[in-house]
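Here is how the chains run, residue by residue.
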Amino acid sequence: IHTHPTFSTAIACMNINIPPFHYMVAMAGGHDIKCANYATYGSRELSKNILKALKDRKACLIANHGQIAFEENLSKAFELAEEVENISLQYITSLKLGKPRILSFKEMNKVLSKAKNYKKG
């Protein structure tokens, strides 16, 4: 899914990654949600930047553009894109309150391990 939702696009326009301020960041597949470097839309350079940001991940932001998410099927990809948008709103809200506490690398490793079975059953 490639989309331009309000909150993840706002963060993408800041050209920043979403750090592990909440364990649900792991649902995108990594310790953070990367923001791919800017390049003109539709360009080969942008494709390369997105692939780099998606390394070992299932979603990323796209600088000054939006977000992309993929999963094993369209329904799950859409659900992940919605989750990234929700995380983005939570991150923006947290920043308004001050500096959010960032989860440790060790904690995110635990969460990533558990995330493999999240919503399965």
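The structure this text deals with has already been given above.
Rules of the game
- Residues numbered from 1 in each chain as written.
- Predicted model: local features only at pLDDT ≥ 70, side-chain atom pairs only at ≥ 80, totals over all residues.
- Heavy atoms only, no water.
- Helix = DSSP H or I, 4+ residues; strand = E, 2+ residues; numbered from the N terminus.
- Buried < 20%, exposed > 50% of the residue type's maximum accessible area, 1.4 Å probe, protein only.
- Contact = heavy atoms within 4.5 Å.
- Phe/Tyr/Trp six-rings, centres within 6.5 Å; stacked < 30°, edge-to-face > 60°.
- Axes fitted to C-alpha atoms, helices over the stretch in contact; angles between N-to-C directions.
- Left-handed = near helix turned anticlockwise from the far one by under 90°.
- Nonpolar A, V, L, I, M, F, W, Y, C, P; charged D, E, K, R; others polar.
- Salt bridge = Lys/Arg side-chain N within 4 Å of Asp/Glu carboxyl O.
- Core = buried A, V, L, I, M, F, W, Y, C linked by side-chain atoms within 4.5 Å.

A. Summary view of the side chain of Ser-88. Relative to the elements of secondary structure, Ser-88 occurs in helix α3 (residues 74-97). The exposure class of Ser-88 is buried, given its relative accessible area of 0%. Excluding its chain neighbours within four sequence positions, the residues that come into contact with Ser-88 are Phe-7, Ser-8, Ile-11 and Ile-18.

B. Local environment of the packing of aromatic side chains. Under the defined criterion, the tally for this structure stands at one aromatic pair. On the numbers, 5.1 Å between centres and 45° between planes, the contact of Phe-21 with Tyr-91 is tilted. With Phe-21 in the loop between α1 (6-13) and β2 (35-36) and Tyr-91 in helix α3, this pair connects stretches of sequence that are 70 residues apart. A single burial state applies to Phe-21 and to Tyr-91, both of which are buried.

C. Quick peek at the packing of α1 against α3. For the pair α1 and α3, interaxial distance at closest approach is 7 Å and the crossing angle is 60°. For the element pair α1 and α3, the recorded crossing hand is left-handed. Contact residues: α1 offers Thr-6, Phe-7, Ser-8, Ala-10 and Ile-11, while α3 offers Val-84, Glu-85, Ser-88, Leu-89, Tyr-91 and Ile-92. Of the residues that constitute the contact of α1 with α3, the class distribution is seven nonpolar, three polar and one charged.

D. Representation of the pattern of salt bridges in the model. Scanning the entire structure with this criterion turns up six salt bridges. For Lys-76, the salt bridge is made with Glu-72, and the minimal N-O distance between the two is 2.9 Å. On the basis of relative accessible area, Lys-76 is assigned to the partly exposed category, the value being 35%. The class of Glu-72 is exposed, set by a relative accessible area of 59%. When salt bridges with common partners are traced through the structure, they connect Asp-32, Lys-34 and Arg-57 into a single cluster.

E. The nonpolar core, seen in detail. Ranked by internal contacts, the top residues of the largest apolar core, which has 26 residues, are Ile-18, Val-25, Ile-33, Leu-61 and Ile-87. Looking at this core, the elements that each hand over two or more residues are α1, β3 (59-62), α3 and α4 (105-115). Top contributing element to this core by residue count: α3, with six residues. Apart from the residues within four sequence positions on either side, Val-25 is in contact with Ile-18, Pro-19, Pro-20, Gly-30, His-31, Asp-32, Ile-33, Ile-87 and Met-108.

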